[in-house]
Amino acid sequence: MTTIATWNVNSVKARLENVRTWLADSAPDIALLQEIKCETPAFPAEPFEDLGYNIAVAGQKGYNGVAILSKRPLEVTVDALPGDPDDAQARYLEADIGTLRIACLYLPNGNPPGNGTASEKYRYKLAWMDRLRERAADLLVEDHTVIWGGDFNVIPEPVDCHDPAAWEGDALFRPETRRSFRSLLNLGLTEAFRAVNRNRNAYTFWDYQGGAWQMDKGIRIDHFLLSPQAADRLQDCRIDREPRGLPKASDHVPVVLTIDGE
DNA sequence: ATGTCGATACTTTATCGA
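Residues numbered from 1 in each chain as written. Chains lettered and ligands numbered in written order. Predicted model: local features only at pLDDT ≥ 70, side-chain atom pairs only at ≥ 80, totals over all residues.

Peer 1: Quick one: what's the story with the overall build of chain A, residue by residue and with numbers?
Peer 2: Helix and strand content of chain A: 7 helices and 14 strands. Dimensions of chain A, computed from C-alpha atoms along their principal axes, come out at roughly 50 × 45 × 40 Å. Split into buried and exposed, the 262 residues of chain A put 44% on the buried side. The contacts in chain A between residues at least 6 apart in sequence include a share of 68% that link residues at least 24 apart. (Helix = DSSP H or I, 4+ residues; strand = E, 2+ residues; numbered from the N terminus. Buried ≥ 20, exposed ≤ 12 C-beta atoms within 10 Å, placed from the backbone. Contact = placed C-beta atoms within 7 Å.)

Listed below in structure tokens is the structure:
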């Protein structure tokens, strides 16, 4: 059995104690972190190495940044999403861990999406999703057992938000965004949480503003996508809401995937 | 209740991104 967690921590430095405590208690074999908001050399490796993790980081100053923590050795395959050499944003990191190919991603937010013509940010998001689909297609051809986890900044279906009407027009919920996400699934990928929890509504993000957490006005935007070989091994996928209620919480919570075997 | 948070810089408050 292997457990893999994904968590947008909203600054690994600001969240160091929260993340360390959660990892010590939950002890996933692999943890995918997003929005670490620090440059690669500045990642606080030691506190996580002390918990038994090997670490790979793709960081940048101030914004974005992703990291993979693994109790087993990991070998980085790519540290940026292929398809645009001019894209300097640290949003994608992929590694081999045993026979698994594990990808940690922080998909662009895309807001504001623009009215009429898409904004530069929204066009970047949609282009990034196209590149992700290309990457997925390439890996599927090679028959890897692949797991993509991270903050997709996509609300897949109305059931995945407290109030669909309130999110209408948002870059996370626009028809073009959802269509692009479906085209990714249509390659033959399995969205793990929805596969395990058929109709249940559950959230992974609650805005800091407006008492969203207290009123449970959340959205589900942190996902695991599994290649067919990975989906064969799917055991469970759960959202751990508990860290959202603790002091100095991230606005996202961990999602934990369990698969058979190593 | 426009009631948040984190990083950054020509910093001690404004701006950006989320």
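Peer 1: Could you give me a rundown of the protein's contact with DNA strand B, with the residues and numbers involved?
Peer 2: Near DNA strand B lie 16 residues; those nearest to it are Ser11, Gly62, Asn109, Tyr208 and Gly211. A class-by-class count of the residues in the surface near DNA strand B yields 4 nonpolar, 7 polar and 5 charged. (Near = placed C-beta within 6 Å. Nonpolar A, V, L, I, M, F, W, Y, C, P; charged D, E, K, R; others polar.)

Peer 1: Help me get a handle on the environment of alanine 127, residues and values and all.
Peer 2: One can find alanine 127 in helix α3 (residues 120–141). Once the C-alpha coordinates of alanine 127 and glycine 245 are considered, the two residues, 118 residues apart in sequence, prove to be 35 Å apart.

Peer 1: Tell me what's going on with the sheet that holds strand β3 (residues 54–58), and back it up with residues and numbers.
Peer 2: Taken together, 6 strands build an open sheet; the order of strands is β3-β4-β2-β1-β14-β13 and the sheet is mixed. Edge strands, defined here as strands with exactly one partner in the open sheet, are β3 and β13 (234–239). The mean angle between the axes of side-by-side strands here comes to 15 degrees, regardless of whether they run parallel or antiparallel. With 5 bridges joining them, β3 and strand β4 (residues 66–70) adopt antiparallel strand pairing. Residue alanine 58 lies in a different strand from β4, and its bridge partner there is valine 66. (Pairing = 2+ DSSP bridges. Axes fitted to C-alpha atoms, helices over the stretch in contact; angles between N-to-C directions.)

Peer 1: Help me get a handle on α3, residues and values and all.
Peer 2: Taking 1.5 Å of rise per residue, the 22 residues of α3 would be expected to cover 32 Å, and the 32 Å separating its terminal C-alpha atoms lies within 8% of that figure. In this structure, the buried residues of α3 make contact with α5 (175–185). In the stretch just after α3, aspartate 143 is the one whose phi turns positive, near 65 degrees. (Expected span 1.5 Å × (residues − 1).)

Peer 1: Can you break down helix α1 (residues 16–26) residue by residue, with the values?
Peer 2: Taken as a whole, α1 has its buried residues at Val19, Trp22 and Leu23. Each buried residue of α1 lies within a common arc of 100 degrees when the element is viewed along its axis, so the set occupies one face. The outward face of α1, more than 90 degrees from its buried face, is lined by the exposed residues Glu17, Thr21, Ala24 and Asp25. The secondary structure elements touched by the buried residues of α1 are β2 (30–34). (Arc of directions from axis to C-beta.)

Peer 1: Go over the sheet that holds strand β12 (residues 222–226) with me, naming the residues and quoting the values.
Peer 2: Across the sheet, 6 strands lie side by side as β5-β6-β7-β8-β12-β9; this open sheet has mixed pairing. One side of each edge strand has no neighbouring strand; the edge strands of this open sheet are β5 (75–78) and β9 (190–191). Pairing geometry for strand β6 (residues 92–97) and strand β7 (residues 100–106), over 6 bridges, is antiparallel. Pairing of isoleucine 97 across the sheet is with leucine 100, part of β7.

Peer 1: Please provide a residue-by-residue account of unusual backbone geometry, values included.
Peer 2: Note the cis peptide between asparagine 111 and proline 112, where omega equals -5 degrees. Relative to the assigned elements, proline 112 resides in the loop between β7 and α3. The backbone of asparagine 153 shows a phi angle near 50 degrees, a positive value even though the residue is not glycine. Considering the arrangement of structural elements, one finds asparagine 153 in the loop between β8 (145–151) and α4 (164–167). Residue classification places asparagine 153 among the buried positions, given that 28 C-beta atoms sit within 10 Å. Located in the positive-phi region is lysine 248, a residue other than glycine, with phi close to 55 degrees. If you trace the backbone, lysine 248 turns up in the loop between β13 and β14 (255–259). Since 10 C-beta atoms lie within 10 Å of it, lysine 248 is described here as exposed.

Peer 1: Before we move on, could you go through the nonpolar core and cite the residues and values that matter?
Peer 2: Of all hydrophobic cores here, the largest spans 72 residues; its most connected members are Leu33, Val66, Ala67, Ile68, Ile147 and Phe224. Dropping the residues within four chain positions of it, alanine 67 is found in contact with Leu33, Ile36, Phe43, Ile55, Ala56 and Val57. (Core = buried A, V, L, I, M, F, W, Y, C linked by C-beta atoms within 7 Å.)

Peer 1: Please give an account of the packing of α3 against α5 that cites residues and values.
Peer 2: Think of two packed helices as two axes; the pair is described by the angle between the axes and how far apart they sit. For the pair α3 and α5, the least separation of the axes is 10 Å and the interaxial angle reads 5 degrees. Put simply, α3 runs roughly parallel to α5. Taking contact as the criterion, the partners of Leu126, Met129, Leu132, Arg133 and Ala136 in α3 are, on α5, Glu176, Ser180, Ser183 and Leu184. When its residues are assigned to classes, the contact of α3 with α5 shows 5 nonpolar, 2 polar and 2 charged. (Parallel < 35°, antiparallel > 145°, perpendicular 65-115°, else oblique.)

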